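One letter stands for each residue in the lines below.
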Amino acid sequence: MRFPEDVPTLTDDGVTLRAHTVADVQPAYEICQDPEMQRWTTIPVPYVLQDAAHFLTELIPAGWREGNTWAWAIEYDGRYAGTIDLRPEDGNVGEVGFAMAPWARGNGVMTRALGLVVRYGFERGWDRVTWRAYVGNWGSRRVAWKCGFRNLVTIPAGGVQRGVRRDEWVASIARDDVPEPQGNWWRVPAIEADGVRLRTLRSTDAKRLMEACNDARTQEWLAGLAKPYQLEDAEGFIESRQENLASGEGVTWGIADPDTDELLGNVSVFDLKNRIDKTMGEVGYWAHPDARGRGVMSAAVRCAIGHAFTPVEDGGLGRRRLVLFAAEGNTASQRVAEVNGFTRTGRERAASPGRDGTFRDLHAFDLLSTDRLPGSGR
Ligand SMILES: CC(C)(COP(=O)(O)OP(=O)(O)OC[C@H]1O[C@@H](n2cnc3c(N)ncnc32)[C@H](O)[C@@H]1OP(=O)(O)O)[C@@H](O)C(=O)NCCC(=O)NCCS
């Protein structure tokens, strides 16, 4: 194809993909100074003006002429805002790559740009488009998810960045796939009621989280926790919450003091992709020792239940049924279930492993969205 004459212009709702021009060199150079760009792409570091000039005025035109890379300038709000490219590979498959100026991020621009080039790839006869990103690039993963990329896998050391191997996510979309998000990507809504605040867990909560999970009572009732539970364990747990949301598995809140924002505990609704019943969820929690005995967890679970039973279209988890388990002897936890209207459905025998190799019975509770909730008037 000839450059720039044959470069197709693609548009969608305020976003235009067009051939690059010399005028894009300076803004492209500026975008490449962004630390996020350097962190998540393979651009040279340091990145000089000459790199941008070489890329835009030599490599990109050559890519179109030789047919090995089709790169478009993304124009948004009347300005050059980034670049997106398709790289054809053998067998009607190709890969996509993209980057956006910091000022233009978070406006859905890349989502529209990606939708356009995926459609273009299929029009040019591709059967599949592949997306890759280094593990941890959540913005990129969300763009791909929104455009219908699916079957995400993690390949340890699958990518290479400036000579260093990095873990990589890979997902793809096929010609016949519906270009819509697959599965839920949950959010963590901030909820404040009855003297507690539920919010996202943050890295600054790690110390309080470690204290809570090292506490003798927490260790006794949650035998799966590392012992001792170290700061790295707490940091790893906080970090892993994002994957939990993105994969649709569950939602975890930090319970915080509404005045000081200090972490008081943790409440989760999980198992949201249960193999047999995708409308159920399990409630789990622990409280920091200095927050126990004053109704914090009962209030927090009430908030979590409200969100769990809210329909997905209204921003909730759309659950029909919640379950909760508390081990024999864990009176406080059973009380939290009862005051929140859960029904005791039975006892699972020898179901809760202890650290000493013994197994305790588990008390099972459930709550249906149609149940009358305490204090709710329902
Ligand atoms: C990745 C990148 C292209 C996204 O561009 P963008 O214009 O922000 O994309 P969009 O606005 O279309 O969508 C971004 C989505 O990701 C979400 N997002 C951004 N950062 C996120 C994060 N850290 N965690 C979770 N979601 C995140 C945004 O909220 C938005 O979703 P929403 O519209 O549902 O709220 C941009 O951040 C970028 O250029 N990063 C540096 C280069 C890069 O990483 N390129 C991709 C290499 S694989």
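Note: the structure precedes this text.
Described in the following lines is the structure provided in the data block.

## Re the nonpolar core
Among the nonpolar cores identified, the biggest contains 57 residues, and L17, W72, I84, V96, L114 and F149 are the most heavily contacted of them. For this core, the element with the highest residue contribution is helix α4 (residues 109-123), accounting for nine residues. By size, the runner-up hydrophobic cluster in this structure holds 37 residues, among which are I255, C303, L324 and L373.

## Let's talk about the site of the ligand
In the vicinity of the ligand there are 24 residues, among which F98, M100, G108, T111 and K146 approach most closely. Note that an oxygen atom of the ligand is positioned 3.4 Å from one of the side-chain N or O atoms of R105. For the ligand, an oxygen atom lies 2.8 Å from a polar atom in the side chain of N137. When isolated, the ligand has an accessible area of 950 Å², and the protein chains bury 78% of it. Every element with two or more residues in the shell around the ligand is listed here: α2 (35-40), β5 (93-100), α4, β6 (128-134) and α5 (138-146). The element contributing the most residues to the shell around the ligand is α5, with six residues. Class assignment for the residues of the shell around the ligand results in 10 nonpolar, nine polar and five charged.

## Observations regarding the sheet that holds strand β2 (residues 15-18)
Taken together, the eight strands give an open sheet; going across it, the order is β1-β2-β3-β4-β5-β6-β8-β7, and neighbouring strands pair in mixed fashion. A single partner strand is all that each edge strand has here, and the edge strands are β1 (10-12) and β7 (150-161). Neighbour-to-neighbour, the strand axes of this sheet turn through a mean angle of 25 degrees, independent of strand direction. When strand β3 (residues 70-76) meets strand β4 (residues 79-89), the two strands line up antiparallel, connected through seven bridges. Residue W70 lies in a different strand from β4, and its bridge partner there is L86. Contacts from α5 reach β5, β6, β7 and β8 (164-174), with the element oriented near 160 degrees to β6.

Cut-offs and rules
Residues numbered from 1 in each chain as written. Predicted model: local features only at pLDDT ≥ 70, side-chain atom pairs only at ≥ 80, totals over all residues. Heavy atoms only, no water. Core = buried A, V, L, I, M, F, W, Y, C linked by side-chain atoms within 4.5 Å. Buried < 20%, exposed > 50% of the residue type's maximum accessible area, 1.4 Å probe, protein only. Helix = DSSP H or I, 4+ residues; strand = E, 2+ residues; numbered from the N terminus. Near = heavy atom within 4 Å. Polar contact = N/O pair within 3.5 Å; in protein donor to acceptor, adjacent residues only side chain to side chain. Areas by Shrake-Rupley, 256 points an atom, 1.4 Å probe, with all protein chains shown as cover. Nonpolar A, V, L, I, M, F, W, Y, C, P; charged D, E, K, R; others polar. Pairing = 2+ DSSP bridges. Axes fitted to C-alpha atoms, helices over the stretch in contact; angles between N-to-C directions. Contact = heavy atoms within 4.5 Å.

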